[in-house]
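These are the residues of each chain, in order.
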Amino acid sequence: MPYADKERQHEYDRKKYLKNREKVLARSKASYYANLEKNRQYRREYAKKNREKNNAYHRHWRKNLQSSESKAHERKRASEWGKKNLDKLISRNRRYNTKYPIKYIAHVCVKLAIETGLLARPKNCSRCGASGRIEAHHPDYSLMLEVVWLCPICHKSEHLTPTPKSEPQQEER
Ligand SMILES: [Zn+2]
Ligand SMILES: [Zn+2]
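Reference entry: report on the structure contained in this document.

Rules used in this analysis
Residues numbered from 1 in each chain as written. Chains lettered and ligands numbered in written order. Predicted model: local features only at pLDDT ≥ 70, side-chain atom pairs only at ≥ 80, totals over all residues. Helix = DSSP H or I, 4+ residues; strand = E, 2+ residues; numbered from the N terminus. Rg over C-alpha atoms; globule rule 2.2 N^0.38 Å. Buried ≥ 20, exposed ≤ 12 C-beta atoms within 10 Å, placed from the backbone. Contact = placed C-beta atoms within 7 Å. Axes fitted to C-alpha atoms, helices over the stretch in contact; angles between N-to-C directions. Parallel < 35°, antiparallel > 145°, perpendicular 65-115°, else oblique. Nonpolar A, V, L, I, M, F, W, Y, C, P; charged D, E, K, R; others polar. Expected span 1.5 Å × (residues − 1).

Attention now goes to the overall build of the protein. Of the regular secondary structure elements, the protein holds seven helices and two strands. Put simply, the protein runs from its N terminus to its C terminus through helices and strands in the order α-α-α-α-α-α-β-β-α. Taken over the C-alpha trace, the protein has a radius of gyration of 26 Å; the compact-globule value for 173 residues is 16 Å, which it surpasses by more than 25%. Based on the C-alpha atoms only, the size of the protein along its principal axes is roughly 90 × 35 × 35 Å. Burial statistics for the protein: of 173 residues in total, 6% are counted as buried. Considering only contacts within the protein whose residues lie at least 6 apart along the sequence, 38% involve residues at least 24 apart.

And the structure:
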């Protein structure tokens, strides 16, 4: 101990710590910016490589581990965001609909078919049997009333698995 006095020792240690802290922070900041592109690339590749694993885990989490409170909280937050950002939501939907007109038309067709009783939305997912929210999935958008009824989890995984006919695509909500 260079100082016999405890107070002085404490002050000395603190100064040393602060001086070093700035140096360490500056160094890590510099390396962060120097490797920004490299790190970004690495993260992208990592996510790509582990996509299936992450998706599987996420599916598992949603199905088995996510608490009902957490689910309710997520839903509440999304609906609150929608209420507050109605204009954003509308313009986002409009952009989406002009970008993918066939999806939009297919979506409207299903909605009308349900309203007129031409199609009935089942209570359960046709793949896993889960109840709750059931969505219409179009294997082929040109066959607008040919839908597969899926729960949100199966629906998402359906869109993430590339089929020989179609590339993986964004979901039609
Ligand atoms: Zn399902
Ligand atoms: Zn779909």
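When two helices pack together, you describe them by how their axes are tilted relative to each other and by the distance separating the axes. At their nearest, the axes of helix H3 (residues 51–65) and helix H7 (residues 152–160) sit 11 Å apart, and the two run at 175° to each other. By the angle between their directions, the pair H3 and H7 is classed as roughly antiparallel. Contact residues: Asn55, Arg59, Arg62 and Lys63 in H3; Ile153, Ser157 and Leu160 in H7. Looking at the contact of H3 with H7, its residues break down into two nonpolar, two polar and three charged.

Along an α-helix, residues three or four apart share an orientation, since each turn contains 3.6 residues. In a regular helix each residue adds 1.5 Å, so 15 residues correspond to 21 Å; H3 covers 19 Å between its end C-alpha atoms and thus fits that length. Of all 15 residues making up H3, only zero are buried, and the element is barely covered by its neighbours.

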